[in-house]
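Summary of the model geometry
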Amino acid sequence: KRLILIGPPGSGKGTQSPLIKDEYCLCHLATGDMLRAAVAAKTPLGIKAKEAMDQGALVSDDLVVGIIDEAMKKPSCQKGFILDGFPRTVVQAEKLDEMLAKQGTKIDKVLDFAIDDAILEERITGRWIHPSSGRTYHTKFAPPKAPGVDDVTGEPLIQRKDDTAAVLKSRLEAFHKQTEPVIEYYAKKGVVARLPAEKPPKEVTVEVQKALSS
Ligand code: AP5
Ligand code: ZN
């Protein structure tokens, strides 16, 4: 399957992705994770992306389309993929559709993580991540076994620089202005499944499975 996960910051895209990936053996491409790795490694791409990311604004379409174009060439992505955090503008969606059309394929389903903005601040400010694996925790909703350390490796957890209430406001603004039109774009193609993302994680997983089996 070729899937897109769309939703505001903290809606659960990164939480549900590994579960979908394991069940359907798909490659998981998260532009936010790839950009954060580039920023940490201070690559030319990371240097260009850092300012926008710190402010909660979107990185330029050309940069992210380039990353995705490159990443989708991996053999593991040929049978199917989960795009988490891409496309985030209508221009990105059009470019993606062009890339797929060249390969004679198209998007099967867009999962729309629908949730009220008011819930997101608590989710974002309580999030802790294990950077090398991408495992995500929450102080209240998904606490690690020991505070501040990853369950599997015992390595320290960190908080994302953009996970503050102030930067969240800009990220939400970018979502409503630039990304919501992408949901509309795919709705016209009849491939959008709307998920109640405010439910507890396990219930959202059940909704994902329902959406993918229909
Ligand atoms: P990105 O990394 O994509 O961040 P985002 O879209 O803001 O999404 P998040 O990762 O914050 O949320 P999520 O839905 O994955 O939530 P999670 O599952 O972790 O992008 C970051 C930046 O990179 C952007 O601002 C932009 O600058 C740039 N960028 C990336 N892609 C781009 C693109 N295509 N174009 C341009 N720029 C781009 O959950 C959050 C927390 O809640 C966790 O602690 C989790 O444990 C908890 N939680 C999850 N589900 C539940 C639940 N059901 N109930 C209770 N708690 C839950
Ligand atoms: Zn994420």
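A brief look at the structure comes next.

How each quantity is defined
- Residues numbered from 1 in each chain as written.
- Chains lettered and ligands numbered in written order.
- Predicted model: local features only at pLDDT ≥ 70, side-chain atom pairs only at ≥ 80, totals over all residues.
- Heavy atoms only, no water.
- Near = heavy atom within 4 Å.
- Polar contact = N/O pair within 3.5 Å; in protein donor to acceptor, adjacent residues only side chain to side chain.
- Areas by Shrake-Rupley, 256 points an atom, 1.4 Å probe, with all protein chains shown as cover.
- Helix = DSSP H or I, 4+ residues; strand = E, 2+ residues; numbered from the N terminus.
- Nonpolar A, V, L, I, M, F, W, Y, C, P; charged D, E, K, R; others polar.
- Axes fitted to C-alpha atoms, helices over the stretch in contact; angles between N-to-C directions.
- Parallel < 35°, antiparallel > 145°, perpendicular 65-115°, else oblique.
- Left-handed = near helix turned anticlockwise from the far one by under 90°.
- Contact = heavy atoms within 4.5 Å.
- Buried < 20%, exposed > 50% of the residue type's maximum accessible area, 1.4 Å probe, protein only.
- Salt bridge = Lys/Arg side-chain N within 4 Å of Asp/Glu carboxyl O.
- Expected span 1.5 Å × (residues − 1).
- Arc of directions from axis to C-beta.
- Core = buried A, V, L, I, M, F, W, Y, C linked by side-chain atoms within 4.5 Å.
- Pairing = 2+ DSSP bridges.

This next bit is on the site of ligand 1. Taken together, 33 residues lie near ligand 1, and Thr15, Ala57, Arg88, Arg127 and Arg171 sit nearest. Between an oxygen atom of ligand 1 and a main-chain N or O atom of Gly10, the distance comes to 2.8 Å. Between an oxygen atom of ligand 1 and a side-chain N or O atom of Arg36, the distance comes to 2.9 Å. Out of a free accessible area of 1,100 Å², ligand 1 has 96% covered by protein chains. It is helix α2 (residues 31-40) that provides the largest number of residues to the shell around ligand 1, a total of four residues. Looking at the shell around ligand 1 residue by residue, the class counts come to 14 nonpolar, eleven polar and eight charged.

On to the packing of α2 against helix α3 (residues 44-55), then. Where α2 meets α3, the axes come as close as 8 Å, and the angle between the chain directions of the two elements is 115°. Classified by the angle their axes make, α2 and α3 are roughly perpendicular. Crossing geometry of α2 relative to α3 is assigned as left-handed. Between α2 and α3, the residues in contact are Gly32, Leu35, Arg36, Ala38 and Val39 and Leu45, Gly46, Ala49, Lys50 and Met53, respectively. Taken together, the residues of the contact of α2 with α3 break down into six nonpolar, two polar and two charged.

Tracing the backbone through its elements, the reader meets Leu172 in helix α7 (residues 165-187). On the basis of relative accessibility, which here comes to 11%, the residue Leu172 falls in the buried class. Along the sequence, Leu172 and Leu120 sit 52 residues apart, while their C-alpha atoms lie 9.4 Å from each other.

Here we take up the pattern of salt bridges. Applying the stated criterion across every chain yields a total of 15 salt bridges. As a salt-bridge pair, Glu173 and Lys177 come within 3.6 Å of each other at their nearest N and O atoms. A residue pair is termed a helical-turn pair when its members lie 3 or 4 positions apart in one helix, as Glu173 and Lys177 do in helix α7 at four residues. For Glu207, the salt bridge goes to Lys199, with nearest N and O atoms at 3.2 Å. Where salt bridges share partners, they join Arg127, Arg160, Asp162, Asp163 and Arg171 into one cluster.

The end-to-end C-alpha separation of helix α1 (residues 13-24) is 16 Å, in line with the 16 Å expected for twelve residues at 1.5 Å each. By the burial criterion, the buried members of α1 are Lys13, Gln16, Ser17 and Ile20. Relative to the axis of α1, the buried residues are bounded by an arc of 115° and lie together on one face. As for α1, its buried residues are in contact with β1 (2-6), β2 (27-30), β3 (81-84), β4 (109-114) and α8 (201-213).

Counting 32 residues, the largest nonpolar core has Met72, Leu83, Leu96 and Tyr186 as its most contacted members. Looking at this core, the elements with two or more residues in it are β1, β2, α3, α4 (61-71), β3, α5 (90-102) and α7. The dominant element in this core, judged by the number of residues it contributes, is α4, at six residues. In terms of nonpolar packing, the next biggest core, distinct from the first, is built from 19 residues, Leu3, Ile20, Leu111 and Ala197 among them.

Taking every second residue as pointing to the same face, the buried face of strand β7 (residues 192-196) carries Ala193 and Leu195, while none of Val192, Arg194 and Pro196 on the other face is buried. As defined by bridge partners, β4 adjoins β7 across five bridges and the pair is classed as parallel. Paired with Leu111 across the two strands is Ala193, which belongs to β7.

What follows covers the side chain of His130. Mapping His130 onto the fold places it in the loop between β5 (127-129) and β6 (136-138). Only 3.3 Å separates the side chain of His130 from the side chain of Thr153, close enough to count as a polar contact. Among residues more than four places away in sequence, those in contact with His130 are Arg135, Asp150, Thr153, Glu155, Pro156 and Leu157.

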